[in-house]
Amino acid sequence: MQPETQAARLAHHFPDLRTQENAARLGMWLFLATEVLLFTALFTAYSVYRYLFVHAFDEASRLMHTGLGAANTLVLLTSSLTAALAVYYARRGQARRSAVLLAATLAFAATFMVIKAFEYGHHFHEGQLPGRFYTYPELQLPGASMFFTLYFLMTGVHGLHVLIGMGVLAFLMVRTLRGGYSTAYSTPVELGVLYWHLVDLIWIFLFPLLYLI
Amino acid sequence: MSPSPASEAVYNRPNYLTADRGVRSWLTTRDHKRIGVMFLVLTAAALALGGFFALLIRIELLTPGPTIMDAMTYNRMFTLHGVVMIFLFMIPAIPGIFGNFFLPLMIGAQDVAFPRINLATVYLYLLGAAIAVYGMVHGGADTGWTFYTPYSTTTTTKVAPILLGAFVLGLGSILTGINFIVTTHTLRAPGLTWHRLPLFVWAIYATSVIQVLATPVLGMTLLLVTVENVFGFGIFDPARGGDPILFQHLFWFYSHPAVYIMVLPAMAVVSEVIQTFARKNMFGYKAVAYSSLGIAFVGFFVWGHHLFTSGQSAFDSGVFGVLSMFVGLFTAVKVFNWTATLYKGAIQVSAPFVYIVGFLFYLVFGGMTGIALATVSLDVHWQDTYFVVAHFHFVMAAGTVMAFLAALHYWWPKMFGKTYAERPALVGGFLVIFGFAATFVPQFLLGNMGMPRRYYSYPERFWPLNVASTAGASLVAIGFLIVLVNLVVSLAWGRVAGPNPWGSKGYEWNTPSPPDKENFPGTPVFTHGPHEYQEPVPAAAEVTHAA
Amino acid sequence: MAEGSHARAEHGADHGPGRYVVVWVVLVVFTALTYSAWRLNLPEPWHVLVALAIAVVKAGLVALFFMELWDHKGATRLVFASSLVFVALLIGLVVADSATRFPLANPPHEGTLQREPPLGAVPLPLPAMAPGAR
């Protein structure tokens, strides 16, 4: 990398690129910690109501498409693989491979959203909706509507994060294609993909909690 | 108001205030010092607004029946007072102003780790405030700042904008916290080990840890309340299987650590001011440093003491009651070490120091009443009475605000290059200190007598103490006015302050007043800790021009 | 390039891309495992524990290898680990509350709806779930 370009990357308040990169990574991890705590509020609500409404939650989770949920899990796990590989090649200056892998990640993300939309459609159709909108006649135990309130809130907030992640990945892909990253500077790719991995992490817990138990 | 010849001398030398001109240069600045000044203006305005609501409340409570407003308006007043004071002043002020301004200067850095994100926090503050003010103007909420369910989820008053405003403000708080943590980890100049850091930095770091971990939970909780209020999802509605107490758990999981977000920066200031004005370095530096982390950590374990009378289980109440006793230990460590520092120090009585003495009084007595409240058997009687109100106003209003004023007076010459007039500063200080006592001591008595909080009207036997409290509040208002006028006047007509008017050995005083736009000409190298007054030593940091 | 190899060394001794594929395979296997465990319909506490245990393992693999915590010593590991402490704290004490409360202080659920109402109280019907009802 040319010294001028290297200097252009280095912000004036950082002594060197390495410190700047470490700072960026630490900052991103702190942000990820806030996301973990954000979802924890929802997981807390889930835990309380799962404890109280054992039977209703058990019955309600049988109304979920576990096959589709498992498929979505595989989709996200694979997207994490392609994302991690995208960072790997970005670090080695192989922009085209990196961009292709980011595109693949985006494709998997879109697949996830499509499957989710299909599931949502089914639940809408059956009246399995949150709170006062719940009208599914075949499960009227106390706590049944609460399951779907939590389902829609947790997957909804997660889905919002998937959309944001897709935006970030798309931005990174475009920038990669324009030669924005190189062996000396690929930090944004790493950070954006860290965010994506978090999205996967959350789903790794959502899947068993909502579909399996 | 034309500047005096003396101030020409100050402002002729380019500094961070004068280096770039025009509104645009301020709106797009990445200079942490300018961002600190912007937070000063914004949070001071918020303090004034919150104080205005407080005065209206106290005027209303001058008589047992209606005085100047109806009951619904009164409910809105105390809600807005709480929301504005907490989210627009107490949480952002000291970190936003003094953390931003001085953290980089204290560690020999040119700026915080993420300057653009720092600027974003100013805009997030403005956006959050705008959304909340929109809600206020359109009737406001009447739920109290604690937004308890089921009322907050079923009321038709403008809860949603206020909740969303708080959400946006919380995001700003999180970003500030992330920025300060990363700055402290990665931008310390050579030679500045963790154990040479100023105690201000330790406490701001601990505050940032709380901001990062606790605020997201509040964000989600407020979102849930908004969603339930607007869409009726029923997360907290018993008719749908929901638990209203779950809201309280989630709310206080943030809001208890939040009080440490409010008080730790105050303690940060106290450590600095005491060392400077006693001309002694801190007794038990490590104890004070680590106690900040202790408060941050243990502060997360005690939230249930706000739920003693809510229907929470006896088991949880027991656990939280015991854990709450521990959190007082760390504050005690600080108070004892501060006192030991003052002992046999060469004390210089001046406005910042006077405010700190006030702070110590309010922290100790407010803190002790907090420990008393954390005892379940006592809380059963005091919960939701004026005893609680007096307790938190002692520590927050009197305590943190006192430290804020101390910081303002201590660092004013550094930030603006001007000295304020000492006499009015002392008069204002005494009025504020005694005013707070006059306002809130009667409230302890009222609470003990059984007067409930948030009540619009009260039985006649509570009348005299309420009048006394309002009288105290007017003293506080006058005190604040004097402080404000004194400081603003000093900007134009104050004496020019040199680089180090207090003779402090804190690192930040090794810069001109006001500092240059670029903090240091090269990279400072630190050779010893701050506030080493014992023997004559050269400046702690020598700037090398190698960079 | 000097900076490049330094960057690579920083991120853990120049390993190949194969590492990620191996981890992915393990993750897929665990996903299949958790799905199969679900099909087995294990009795009450076990199906929860098995599912959560598998989820924790998968999450650990993603965090350690995809998110490279395995390679990065220092502050980032501490940040992630600390956040988990607070997750456990919040969920633990809140569920403990629901679990140890006077039962009628909880929202009406199957454990309490069967009980005899207190003397003189009128038994309430289950809340109506009609659409539009608030």
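Residues numbered from 1 in each chain as written. Chains lettered and ligands numbered in written order. Predicted model: local features only at pLDDT ≥ 70, side-chain atom pairs only at ≥ 80, totals over all residues.

Q: How do you make sense of the overall build of chain A when you look at a structure like this?
A: Counting its regular elements, chain A contains 7 helices and 0 strands. In sequence order, the secondary structure elements of chain A are arranged as α-α-α-α-α-α-α. A principal-axis box enclosing the C-alpha atoms of chain A has dimensions of 70 × 30 × 25 Å. For chain A, with 213 residues in total, the buried portion stands at 57%. Residue pairs at least 24 apart in sequence account for 75% of intrachain contacts in chain A once pairs closer than 6 positions are excluded. (Helix = DSSP H or I, 4+ residues; strand = E, 2+ residues; numbered from the N terminus. Buried ≥ 20, exposed ≤ 12 C-beta atoms within 10 Å, placed from the backbone. Contact = placed C-beta atoms within 7 Å.)

Q: Sorry, what's going on with the overall build of chain C here?
A: Tallying secondary structure elements over chain C gives 5 helices and 0 strands in all. Its helices and strands taken in sequence order, chain C reads α-α-α-α-α from the N to the C terminus. By sequence separation, contacts in chain C at least 24 residues apart represent 44% of the contacts at least 6 residues apart.

Q: Help me understand helix α5 (residues 95-126) of chain A in this model?
A: Each full turn of the α-helix corresponds to 3.6 residues, which orients residues three or four apart in the same direction. Residue and element names in this part refer to chain A. Helix length check: α5, at 32 residues, gives a terminal C-alpha distance of 47 Å against a target of 46 Å (1.5 Å per residue), a fit within 8%. Turning to α5, its buried residues are Ser-98, Ala-99, Leu-101, Leu-102, Thr-105, Leu-106, Phe-108, Ala-109 and Phe-112. In this fold, the buried residues of α5 make contact with α4 (66-91), α6 (144-177) and α7 (187-212). Just downstream of α5 lies Gly-127, where phi reads positive at about 80 degrees. (Expected span 1.5 Å × (residues − 1).)

Q: Would you mind going over the interface of chain B and chain C with me for this structure?
A: The figure often quoted for interface size is the accessible area lost as the parts come together. Each side of the interface is counted separately: chain B has 21 residues, and chain C has 18 residues. Those elements that place two or more of their residues in the side of chain B that touches chain C are α9 (199-231), α10 (244-278) and α12 (314-342) of chain B. Of the residues contributing to the side of chain B that touches chain C, the split by class is 10 nonpolar, 9 polar and 2 charged. (Nonpolar A, V, L, I, M, F, W, Y, C, P; charged D, E, K, R; others polar.)

Q: Just checking my understanding: could you explain the nonpolar core for this structure?
A: Within soluble globular proteins, side chains that are nonpolar generally end up buried alongside one another. Core analysis: the biggest nonpolar cluster contains 283 residues, and Val-269, Phe-359 and Ala-406 of chain B have the highest contact counts within it. Three or more residues apiece are contributed to this core by two domains, here domain 1 (1-72) and domain 2 (73-106) of chain C. In this structure Val-269 of chain B touches Ile-94, Phe-98, Phe-200, Ala-403, Ala-406 and Ala-407 of chain B, once residues within four positions along its chain are discounted. (Core = buried A, V, L, I, M, F, W, Y, C linked by C-beta atoms within 7 Å. Domains from an automatic or database assignment.)

Q: Which parts of the structure should I look at to understand the packing of helix α2 (residues 17-52) of chain A against α9 of chain B?
A: For any two helices packed against each other, one specifies the inter-axial angle together with the distance between the axes. Running from amino to carboxyl end, α2 of chain A crosses α9 of chain B at an angle of 40 degrees, the nearest separation of the two axes being 8 Å. When the interaxial angle is binned, α2 of chain A and α9 of chain B end up oblique. Judged by the twist between their axes, the crossing of α2 of chain A over α9 of chain B is right-handed. Taking contact as the criterion, the partners of Leu-30, Ala-33, Thr-34, Leu-37, Leu-38, Thr-40, Ala-41 and Leu-42 of chain A in α2 of chain A are, on α9 of chain B, Val-212, Leu-213, Pro-216, Val-217, Gly-219, Met-220 and Thr-221 of chain B. A per-class count over the contact of α2 of chain A with α9 of chain B returns 11 nonpolar, 4 polar and no charged. (Axes fitted to C-alpha atoms, helices over the stretch in contact; angles between N-to-C directions. Parallel < 35°, antiparallel > 145°, perpendicular 65-115°, else oblique. Left-handed = near helix turned anticlockwise from the far one by under 90°.)

Q: Quick question: what am I supposed to make of the interface of chain A and chain C here?
A: Between chain A and chain C, the contact holds 50 residues from the first and 50 residues from the second. Breaking the side of chain A that touches chain C down by element, the ones donating at least two residues are α2, α4 and α7 of chain A. The biggest single contributor to the side of chain A that touches chain C is α2 of chain A, with 14 residues. Split by residue class, the side of chain A that touches chain C holds 30 nonpolar, 15 polar and 5 charged.

Q: Before we go on, may I ask you to explain the environment of Glu-110 of chain C in this structure?
A: Note on placement: Glu-110 of chain C falls in helix α5 (residues 110-113). Glu-110 of chain C sits in the partly exposed class, given 14 other C-beta atoms within 10 Å.

Q: Help me out: how do you make sense of the confidence of the model for chain C in this one?
A: When pLDDT is low, close inspection of the predicted coordinates is not appropriate. Residue and element names in this part refer to chain C. Per-residue confidence for chain C averages 83 on the pLDDT scale, and 75% of its residues sit at or above 70. Model confidence for chain C, summarised as mean pLDDT per element, is weakest for helix α1 (residues 2-10) at 47 and strongest for helix α2 (residues 18-39) at 96. For this predicted complex, the interface confidence score (ipTM) comes to 0.94, while the overall pTM stands at 0.93. (pLDDT = per-residue confidence, 0-100.)

Q: Sorry if this is basic, but what is going on with the packing of α2 of chain A against α7 of chain A here?
A: Residue and element names in this part refer to chain A. One way to put it is that α2 packs onto α7 with a least axis distance of 10 Å and a crossing angle of 20 degrees. By the criterion of interaxial angle, the relationship of α2 to α7 is roughly parallel. As α2 runs across α7, the sense of the crossing is right-handed. Facing α2, whose interface residues are Glu-21, Ala-24, Arg-25, Met-28, Leu-32, Glu-35, Phe-39 and Tyr-46, α7 presents Thr-187, Leu-191, Leu-194, Leu-198, Ile-202 and Leu-209. A per-class count over the contact of α2 with α7 returns 10 nonpolar, 1 polar and 3 charged.

Q: Please explain the environment of Pro-424 of chain B as it appears in this structure.
A: Residues and elements named next belong to chain B. Along the polypeptide, Pro-424 turns up in helix α16 (residues 422-449). Taking the number of C-beta atoms within 10 Å as the measure of exposure, Pro-424 has 17 and is therefore partly exposed. Expressed as a C-alpha distance, the spacing of Pro-424 and Arg-240, which sit 184 residues apart in the sequence, is 60 Å. When neighbours within four sequence positions are excluded, Pro-424 is seen to be in contact with Ile-482 and Asn-486.

Q: Looking at this structure, I do not really get unusual backbone geometry. What am I missing?
A: Trans is the common state for peptide bonds, and a negative phi is the common state for residues other than glycine. Here the amide bond leading from Thr-149 of chain B into Pro-150 of chain B is cis, since omega sits at 0 degrees, within 30 degrees of zero. Note that Pro-150 of chain B resides in the loop between α6 (115-137) and α7 (151-154). Of note, the amide linkage connecting Ser-513 of chain B to Pro-514 of chain B takes the cis form, showing an omega dihedral of -10 degrees. Among the structural elements, Pro-514 of chain B can be located in the loop between β2 (495-496) and β3 (523-526). Phi at Arg-279 of chain B takes a positive value of approximately 50 degrees, unusual for a residue other than glycine. Despite not being glycine, Glu-68 of chain C shows a phi value in the positive range, around 65 degrees. Tracing the backbone shows Glu-68 of chain C in the loop between α3 (44-66) and α4 (75-100). Note on Glu-68 of chain C: 19 C-beta atoms within 10 Å, which makes it partly exposed.

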